[in-house]
Amino acid sequence: MQNTAQPLNEMLVSKSLSAADYVPTLDAMLSRTLARIALKKEQDLRTPDELWIVDHNDVYTLGQAGKEEHILQRTNTPIIKTDRGGQVTWHGHGQLVIYWLFDLESLGWSVRNMVSHAEQAIEDVVNDCLKSHASNSVNTSADISAHARRDAPGVYLYSHLNTASNDNAQPLTELPTDDAIMLGKIASLGFKIKHGFSYHGVAINLDCDLSAFNAINPCGYAGMQMLRLADFVAMDEQTQDEQMAAQAPEQSMQAIANCLSYEQVTQKLIDNIAKRHAGHIQLRALAPK
């Protein structure tokens, strides 16, 4: 497991953990949060907030109030009870996990503010990727966009069937219209708050194997379709070989240039979160209940 840190602004740093087992990561996250709480209470010291960028080894995690009935099939993948909110989910390679170790009081954020910032940061990045790097393998007759829902935390993809050829169609960053069709869920959220400090965070499916979700009711929703970004945008590891084999050399080079990497998407999301943390991106109107 690698652990590298870099400053994002004066009060925010990021750490990167690769091939990380879940329990040691959780223990380290809780230990760091408790230490920050103690420093604030005992010395009135504000410490920099942290984003932990984690590539987890395969694991199922069950939230604090999670029900084991949502685990449909036992596999060789470990199942670990944890202290975050939410039900059961899966983490593994090809999925981007970002843990938010934030001092909410010092930021002036409520828990709802943090959840909304998390959802809207994911919306921003996924919609930017959908707009700029659409895959040729995806049916482009319908506009697809990412949105949060008030009734079910997370970020979901919607198809806007009636807007593809409409010059006056609403921007994809706005709330979905009534005729939008939900395709499934691309990102999950689960936080824990202790004495005004947050930990745990978000998980976005980039180019992971979605079959792991077949063994559970994702986030407690039976039949919830889980999605990944690689099926909607051109990501280099998924499409490069096929494009090179099927296209002329000059077309292949252009297709490769249009491909996104896991690292590029990660950096886009880190940058967006850092701007929100610094107050440079304000919250938009929330999705209706």
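Everything discussed here concerns the structure shown above.
Quick caveat: nothing in here was measured; it's all calculated off a predicted structure.

1. Examining empty space enclosed by the protein
Right, so step 1: In this structure the tally under the stated criterion is 1 cavity of 30 Å³ or more.
Right, so step 2: Approximately 50 Å³ is the volume attributed to the largest cavity.
Right, so step 3: For the largest cavity, the full set of lining residues is L96, I122, V125, V126, I204, L206, L229, V265 and L269.
Right, so step 4: Elements with a contribution of two residues or more to the lining of the largest cavity: α3 (111-132) and α6 (262-277).
Right, so step 5: Per-element tally for the lining of the largest cavity: the top contributor is α3, with 3 residues.
Right, so step 6: Here the lining of the largest cavity is built from residues that sort into 9 nonpolar, no polar and no charged.

2. A closer look at the sheet that holds strand β5 (residues 79-81)
By way of backbone hydrogen bonds, the strands of a sheet pair with one another, either parallel or antiparallel.
Right, so step 1: Across the sheet, 3 strands lie side by side as β5-β4-β6; this open sheet has mixed pairing. Each edge of the open sheet is held by one strand with a lone partner, namely β5 and β6 (88-91). On average, adjacent strands in this sheet sit at an angle of 30 degrees to one another, irrespective of strand direction.
Right, so step 2: With 3 bridges connecting them, strand β4 (residues 59-62) and β5 associate as parallel partners.

3. So, the packing of aromatic side chains
Right, so step 1: One pass over the full model with this rule turns up 4 aromatic pairs.
Right, so step 2: Put simply, the rings of W100, F102, W109 and F191 pair up and form one aromatic cluster.
Right, so step 3: Directly above the aromatic system of Y156 lies the positively charged group of R149, at a separation of 5.0 Å from the ring centroid.

4. Observations regarding the nonpolar core
Right, so step 1: Of all hydrophobic cores here, the largest spans 43 residues; its most connected members are I98, W100, F102, L157, V202, L229 and L269.
Right, so step 2: No other element matches the 9 residues that α3 contributes to this core.
Right, so step 3: Residues contacting F102, with those up to four places away along its chain left out, are L12, R36, D49, E50, L51, L107, W109, G196, F197, S198, I273 and H277.
Right, so step 4: In terms of nonpolar packing, the next biggest core, distinct from the first, is built from 17 residues, Y158, A180, A212 and M226 among them.

Criteria and thresholds
Position labels on residues start from 1 in each chain and follow its written sequence. Local features in this predicted model are restricted to residues of pLDDT 70 or higher, and side-chain atom pairs are both shown and tallied only at a pLDDT of 80 or more, whereas totals for entire chains, interfaces and linings draw on every residue. Note: side-chain values were computed over all heavy atoms of the structure, leaving out hydrogens and water. Whether a set of points on the 1 Å grid over the protein atoms alone is a cavity depends on a 1.4 Å probe fitting there but being unable to get out, while an open set qualifies as a pocket with protein on both sides within 12 Å along at least five of seven lines; lining residues are those with an atom within 4 Å of a point. Grid points are joined across faces, edges and corners, and a volume is the space filled by probe spheres set on the points. Here a helix means four or more residues in a row that DSSP labels H or I, a strand means two or more in a row labelled E, and each is numbered from the N terminus. In this count, Pro and Cys sit with the nonpolar residues alongside Ala, Val, Leu, Ile, Met, Phe, Trp and Tyr, while Asp, Glu, Lys and Arg are called charged and the others, Gly among them, polar. One requirement defines pairing of two strands: DSSP has to find at least two bridges between them. Every axis corresponds to a line fitted to the C-alpha atoms, with the helix fit spanning only the stretch in contact, and the corresponding angles, defined between N-to-C directions, vary from 0 to 180 degrees. Any two rings among Phe, Tyr and Trp, with Trp reduced to its six-membered ring, count as a pair given centres within 6.5 Å; such a pair is stacked if its planes are under 30 degrees apart, edge-to-face if over 60, and tilted if neither. In this scheme, Lys NZ or Arg CZ marks a charge over a ring once it lies within 6 Å of the ring centre and within 35 degrees of the ring normal. What we call a nonpolar core is a set of buried Ala, Val, Leu, Ile, Met, Phe, Trp, Tyr and Cys residues that are connected through their side-chain atoms within 4.5 Å. Buried means the residue's accessible area, taken with a 1.4 Å probe over protein chains only, is under 20% of the maximum for its type, while exposed means over 50%, and partly exposed covers the values in between. Two residues qualify as a contact provided that any one of their heavy atoms is within 4.5 Å of a heavy atom in the partner residue.

As far as function goes, none of this settles anything; it's purely spatial.
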